[in-house]
Amino acid sequence: MKLTNEQIERYSRQIILKEVGGKGQEKLLNSKVLVIGAGGLGSPALLYLAAAGIGTLGIVDGDTVDITNLQRQVIHFTDDIKKEKVLSAREKIEKINPDINVVTYNTKVNASNIREIIKEYDFIIDGTDNFPAKFLINDACYFEKKPYSHGGILRFQGQTMTYTPGSACYRCIFETPPPKGAIPSCSEAGIIGSMAGLLGVIQASEAIKYLLSAGELLTNKLLFIDILNLEFRIINIKRNRKCPLCGESPEIKNLIDIEQPVCEISI
Amino acid sequence: MKIIINGKEEVIEKDFLNVLELLKIKKVKMPEMVTVELNGEILEREKFGETIVKEGDKIEFIYYMGGGVKKN
């Protein structure tokens, strides 16, 4: 695929980067990234991935836009209330960049559909709002040998790590979802929208770097951010020999749906 | 003793202690909500009680972080 004159102009500010160039831009246009969850993390990730010219963007979300989402889920506008999130996101992406092929999945991921969905993609972004989905994405990416970016946020804090086949996975740090009742109660929690935005943009950057084979990824590292105290820290993580998924004697051999009716939390 | 917790040097008024005792001193209310990394190794939760923390150790408390706000 050769870049058109319009594409050269549209992407000129990144094509001049030595890490991108014309070849890199062609790579991005030929790439497929899946964003699971078009919420607080997925919104900024999708906006930047679309603008950067990621050729195919998949979006998985089974929800509709609610007024309480608008404080942080910046791809959805006031007029979109009650609209399917995947549809609302698709409309914005197509306006930002008509080059992008948008594929939507108006569903939640579960043990029976996730492998089929992620199979088609080069990189996956976890923008989900609950632990069962986060563990499911981790396990599915491990089994399908897909790289992905994990993101979690709470109040003014966030953490993110990148998995590529062979690196430490989410279960190397957290073996299982937190025990029932251990999550801070829903009424205590909350999130500042800009924190979600910051984390989603880092996740998008990880996808772009992975696709370009440029720079250093957040593999075997967990980036912790506290925006209230302006703290940014990288914690080195080693693969855990006792990891129930990728360790020496793994207990997890198949995907399962984890039931966790503690409280529905949404980013 | 001086140890480094989450990147910050802290003085603990003891020569050594186990991870459970440290979690208590640091007022971590729910140890089941935290993963502890000691000098670069993730600790098994069952071994918190028998793992000793001493001068110069680097400890990371890593919390679960999922979502933020109540769904309607």
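Okay, so let's go over this structure. (Residues numbered from 1 in each chain as written. Chains lettered and ligands numbered in written order. Predicted model: local features only at pLDDT ≥ 70, side-chain atom pairs only at ≥ 80, totals over all residues. Heavy atoms only, no water.)

### Comments concerning the side chain of Q203(A)
All names here are of chain A.
Argument step 1. Here Q203 shows up in helix 9 (residues 193-212).
Argument step 2. Of the residues examined, Q203 reaches a relative accessible area of 0% and is grouped as buried.
Argument step 3. At 3.1 Å, the side chain of Q203 forms a polar contact with the backbone oxygen of D126.
Argument step 4. When sequence neighbours within four positions are dropped, the list of residues in contact with Q203 reads L41, I125, D126, S149, H150, G151 and T160. (Helix = DSSP H or I, 4+ residues; strand = E, 2+ residues; numbered from the N terminus. Buried < 20%, exposed > 50% of the residue type's maximum accessible area, 1.4 Å probe, protein only. Polar contact = N/O pair within 3.5 Å; in protein donor to acceptor, adjacent residues only side chain to side chain. Contact = heavy atoms within 4.5 Å.)

### Brief notes about the packing of aromatic side chains
Argument step 1. Under the counting rule described, the total for this entry stands at 7 aromatic pairs over all chains.
Argument step 2. With centroids separated by 5.5 Å and ring planes inclined at 85°, the aromatic side chains of F131(A) and Y64(B) adopt a geometry described as edge-to-face. Of this pair, F131(A) sits in helix 7 (residues 131-144) while Y64(B) is found in the loop between strand 7 (58-63) and strand 8 (69-70), placing the two residues in two different chains. Of the two residues examined, F131(A) and Y64(B), each falls in the buried class.
Argument step 3. With a centroid separation of 4.4 Å and an interplanar angle of 25°, the aromatic rings of F174(A) and Y64(B) are classed as stacked. Linking F174(A) in the loop between helix 8 (170-173) and helix 9 with Y64(B) in the loop between strand 7 and strand 8, this pair reaches from one chain into another. Of the two residues, F174(A) and Y64(B), neither departs from the other in class, the shared state being buried.
Argument step 4. Clustering of aromatic rings is evident, with ring pairs tying together F131(A), F135(A), Y170(A), F174(A) and Y64(B).
Argument step 5. Sitting over the face of the ring of F77(A), K92(A) holds its NZ or CZ atom 4.4 Å from the ring centroid. (Phe/Tyr/Trp six-rings, centres within 6.5 Å; stacked < 30°, edge-to-face > 60°. Lys NZ or Arg CZ within 6 Å of the ring centre and 35° of its normal.)

### As for the interface of chain A and chain B
Argument step 1. At the junction of the two partners, chain A supplies 45 residues and chain B supplies 25 residues.
Argument step 2. Taken together, both faces of the contact between chain A and chain B bury some 2,700 Å²; the carbon and sulfur share is 56%.
Argument step 3. Counting every contact that joins chain A to chain B gives 4 salt bridges.
Argument step 4. Remark: the boundary between chain A and chain B carries 7 residue pairs in polar contact (both at pLDDT 80 or more).
Argument step 5. Within the side of chain A that touches chain B, the residues separate by chemical class into 23 nonpolar, 11 polar and 11 charged. (Buried area = accessible area lost by both parts, 1.4 Å probe. Salt bridge = Lys/Arg side-chain N within 4 Å of Asp/Glu carboxyl O. Nonpolar A, V, L, I, M, F, W, Y, C, P; charged D, E, K, R; others polar.)

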